[in-house]
Every structure is written in C-alpha cells, then in structure tokens.
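Chain by chain, the residues:
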Amino acid sequence: MSDLKQGKILVTGGTGYIGAHTVVELQNSGYEVIILDNLSNSNIKILDQIKAITGKAPEFIKLDLRDKAELFEFVATYLDITGLIHFAASKSVGESVKQPLLYYENNISTLVNLLGAFAGRKVNFVFSSSCTVYGQPDVLPVTETAPVKTAESPYGNTKQIGEEILRETAHASDGLNVIALRYFNPVGAHASALIGELPNGVPQNLVPFVTQTAICKREVLTVYGNDFDTPDGSCIRDYIHVVDLAKAHVAALARMEAGKMASPYETFNIGTGNGNSVLEVVQKFQSVNKVQLNYRIGPPREGDIVKIWGNVDKAAAELGWKAELGIEDMLSSAWAWEKYINSNPF
Ligand code: NAD
Ligand code: WQD
C-alpha cells in the first residue's frame, strides 16, 4: 500500500473522552493535530487541559459533521491533512434503542459525509469501532476473524455498518487506507488527572458509576447480576486503559504511513487480552484506592452479554502495540480523575 508523508492529523470528536487522550499521544509523537468537534458531548475546556499536559493547544474547529456543506468547505481548505482519526459519534446503547434514527444520522450519515469530503484524496483513516460487533462470541478470546453477529442495539449496528462502508470504500478507492480499531472496554484517565471521562448525566458504564458512587455523587452501585456462568457469577469484560487505547491509534497511523498494510482495510482488536468480572473490578477499586464502595446486587441488565475478552495477538504482531497498563492503573487513574473533576468542575 502506498505510504503518505506525515502531514496534519484531523481528529473528529477530539475533545471527547478517547479523542482527547489520543490527541495527547499524537502531540507527544510529534504530530500536528486539528480537532473537529461540535461539543455535543464534551467541553471546550479540554483544549486547555491538553495544553497543560503537552504544552501545546491543538487547533480546534467547532463543526457538526452532519452539516455536509460546512464539512466539505473545511476539508477543501485543509489540503495538508494526511491522517484522520474518526471518534465523533453517539455511543449510548440504551439511548440508541430509544432513538435509533438519531444514531443512524449521527453515526452513519456523518461517516458518509466525511468520506465524501475526502473523496479522491490520499488519506490514512483510523475508525473507532467496538467489540460490540461480536455480540456474545462463541469462542473466547475472540479474534478479528470471529463472525460479526446481529447487533444487539442500533448503536452496535452503526459500528457494523460503519465498518462495512469503510471496507467497501477503501477497496474502491486508490488513496484511502483504513484501520478499524475494535475497542473493548476503555476505562481510566491520563496520569495527570487533567483529562478523563465526562459522562453526561447518570453514567451508564461501570467505572464512572463506581467512581461517582465512591465520591458520593451516587448513593449505591448496582451490580447487574451475579448468577451468570462465570467464576464469581458476575459479567466479564476486557477493560483497557484509555492511554493504552490512545497509543494504539498512533501505532495504526504509523503502520499506514510506513506503507505496511496488507490490504486497504484492516481491523484490529484493541484490548488487554484479559477478562475481569464486575465484582473483581469492585474489589480491586476498593483495595487499590483504599476506599469503601457502597454496592448491591441487582437484576441483570437487558442486552448485556455475559463474557468477552479479546485475542490481541494481531495488534502485537502487526501494529507493534500491546497494552502496558493493568486494571490497578485503570482504577487508580479513574479515581484520581473523579476527585479532580469533582473539585474542578468544567
Ligand atoms: P465521547 O462522547 O466522549 O466523544 C465523542 C465526541 O464526538 C464528543 O466530543 C462529541 O461532542 C463529538 N461528536 C458527537 N457527534 C458529533 C458530530 N455530529 N459532529 C462533531 N462532533 C461530534 O465518546 P468516546 O467514549 O470518546 O468514544 C469515541 C468513539 O469511540 C465513539 O465513536 C464511540 O462509539 C467509540 N467507542 C467508545 C467506547 C467507550 O466505551 N467509550 C467503546 C467502543 C467504541
Ligand atoms: C460493563 C459491565 C454491566 C454499570 C458498553 C457498550 C459498548 C461500549 C462500552 C461503546 C457489564 C456492568 C455496568 C453498572 C454494572 N461502548 N455494570 N453496573 O456494557 O460492556 O459496553 O460500553 O462503544 O458498546 O455496550 O460496558 O461499562 O456499561 O458495563 O454491573 O452500573 O459492568 O452489566 O457487565 P459494556 P459497561
């Protein structure tokens, strides 16, 4: 595959949770970054926080990817963009069930707009996909060749459709390289505690609910079921530190810039390869942070799969990337961020 000179990197959704951590790692690796975000699920103050970490505020353009004309105009004026990391999307499984059309508009139409704006240009494209495309795998750890199952939610479907659109478009274009990263469960925060997850309203995900319970913003954590077919009865997930995940995006860009791709479209599992149960996360959070967590066992959450963790050998072999931080780092950094944001609200 043809390699591209390292130019500016466009990061859509770059003031969001994973995007901000990736911008830090891109700047640390010497890239010039432009963030495009509509701030629908993030805060402009993140730019100051990134500058406090790296010494450099990335260029920022407030723009909604659903505004096709504005997006095309922006892309046409930035001819020095050679890489693109596409985080911008809506990501709540529950919300997607209630409002499927909002998800198809915000996760699919925006992707089509973005690909249209870059049509005919040579660009290295990294896509935020999700292990949710696997559903409940038949074999664990799950590999990239596992069958993609019928999505459990409109959100999960937008990731499956997004991968298909990118695969087909990459094969039909001569300048588009695509790497889709299938994230497992991103958690934790930058070691500085200056950036982290900023859930809107009541957190749907485990770790932000844990930290908000520990800081008494939430009264009690409900563990959704402890009677599953797992060692301690609670669900198992492959939690990955958001900083490790961010570094995987830099590795994906480097692979494309070096012309090492085996085909115009590739997918990689990005996880640790290890599974932790909900109750293990609860116990480890308490022990590593020396705090007591108020939790109870409740009924299973509809749509939850029981257990999943990734086979991450392909990323190690072909991206030269593997997770370095363990669950203790994830949970101590998440707690440090919770304490920071609680005292320094944006
Ligand atoms: P996030 O909500 O923190 O960040 C998304 C960013 O995109 C936000 O800053 C938001 O303002 C922006 N955005 C949304 N719609 C936009 C639009 N139409 N135009 C411009 N900007 C827009 O989410 P995140 O956790 O950082 O996730 C980033 C990506 O990773 C998403 O595509 C998500 O589906 C995917 N992903 C997340 C997880 C997870 O657990 N967080 C797991 C797997 C995959
Ligand atoms: C993890 C475990 C819950 C909250 C979701 C999306 C996925 C991706 C990551 C976007 C589960 C349990 C949770 C709580 C609990 N997002 N839990 N009490 O469901 O694995 O994945 O986020 O791409 O697409 O599906 O993550 O953090 O919601 O749940 O017991 O208050 O924690 O049942 O077993 P999940 P999660």
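Per an unreviewed UniProt entry, the protein is named UDP-glucose 4-epimerase, and its organism is Mucilaginibacter pedocola. Within the UniProt record for the protein, the comment given under Sequence similarities (unreviewed entry) is "Belongs to the NAD(P)-dependent epimerase/dehydratase family."

*Asks:* Got a sec to walk through the sheet that holds strand 5 (residues 123–130)? Specific residues and values, please.
*Replies:* Strand order across the open sheet formed by 7 strands is 3-2-1-4-5-6-11, with parallel pairing between neighbours. Sheet topology places strand 3 (59–62) and strand 11 (265–270) at the edges, where each strand pairs with a single neighbour. Taking each pair of neighbouring strands and ignoring which way they run, the sheet shows an average axis angle of 20°. Where strand 6 (residues 176–183) and strand 11 come together, 6 bridges link them in parallel fashion. Looking at the pairing, Val178 lines up with Tyr265 of strand 11.

*Asks:* Break down the site of ligand 1 for me, citing the residues and quoting the values.
*Replies:* Near ligand 1 lie 28 residues; those nearest to it are Asp37, Asn41, Lys91, Asn106 and Tyr155. Contact distances for ligand 1 include 3.0 Å between a nitrogen atom and a side-chain N or O atom of Asp64. Here Asn106 contributes a side-chain N or O atom positioned 2.7 Å from a nitrogen atom of ligand 1. With the chains in place, 95% of the 820 Å² that ligand 1 exposes on its own is no longer accessible.

*Asks:* Break down the site of ligand 2 for me, citing the residues and quoting the values.
*Replies:* Close to ligand 2 lie 18 residues; Tyr155, Leu206, Thr222, Arg237 and Asp304 are nearest. Gln204 is positioned such that a nitrogen or oxygen atom in its backbone is 3.4 Å from an oxygen atom of ligand 2. Asp304 places a side-chain nitrogen or oxygen 2.4 Å from an oxygen atom of ligand 2. For ligand 2, the protein covers 88% of the area, taking 680 Å² as the surface of the free molecule. With 4 residues, the single largest contributor to the shell around ligand 2 is strand 8 (residues 221–224). Tallied by class, the residues present in the shell around ligand 2 amount to 9 nonpolar, 6 polar and 3 charged.

*Asks:* So, the confidence of the model for the protein: which residues are in play, and what are the values?
*Replies:* Per-residue confidence for the protein gives a mean pLDDT of 96; residues scoring 70 or more make up 99%. Scored by ipTM, the complex comes to 0.99, with pTM at 0.98.

*Asks:* Any details on the pairing of strand 3? Residues and values, ideally.
*Replies:* Pairing of strand 2 (residues 33–37) with strand 3 involves 4 bridges; the strand directions are parallel. If you follow Ile34 over to strand 3, its bridge partner there is Glu59. One crossover worth recording links strand 2 to the parallel strand 3 by way of helix 2 (residues 46–54), and it is right-handed.

Rules used in this analysis
- Residues numbered from 1 in each chain as written.
- Chains lettered and ligands numbered in written order.
- Predicted model: local features only at pLDDT ≥ 70, side-chain atom pairs only at ≥ 80, totals over all residues.
- Heavy atoms only, no water.
- UniProt positions renumbered as here; feature names shortened; annotations may be inferred.
- Pairing = 2+ DSSP bridges.
- Helix = DSSP H or I, 4+ residues; strand = E, 2+ residues; numbered from the N terminus.
- Axes fitted to C-alpha atoms, helices over the stretch in contact; angles between N-to-C directions.
- Near = heavy atom within 4 Å.
- Polar contact = N/O pair within 3.5 Å; in protein donor to acceptor, adjacent residues only side chain to side chain.
- Areas by Shrake-Rupley, 256 points an atom, 1.4 Å probe, with all protein chains shown as cover.
- Nonpolar A, V, L, I, M, F, W, Y, C, P; charged D, E, K, R; others polar.
- pLDDT = per-residue confidence, 0-100.
- Right-handed = clockwise from strand over helix to strand, strands pointing away.

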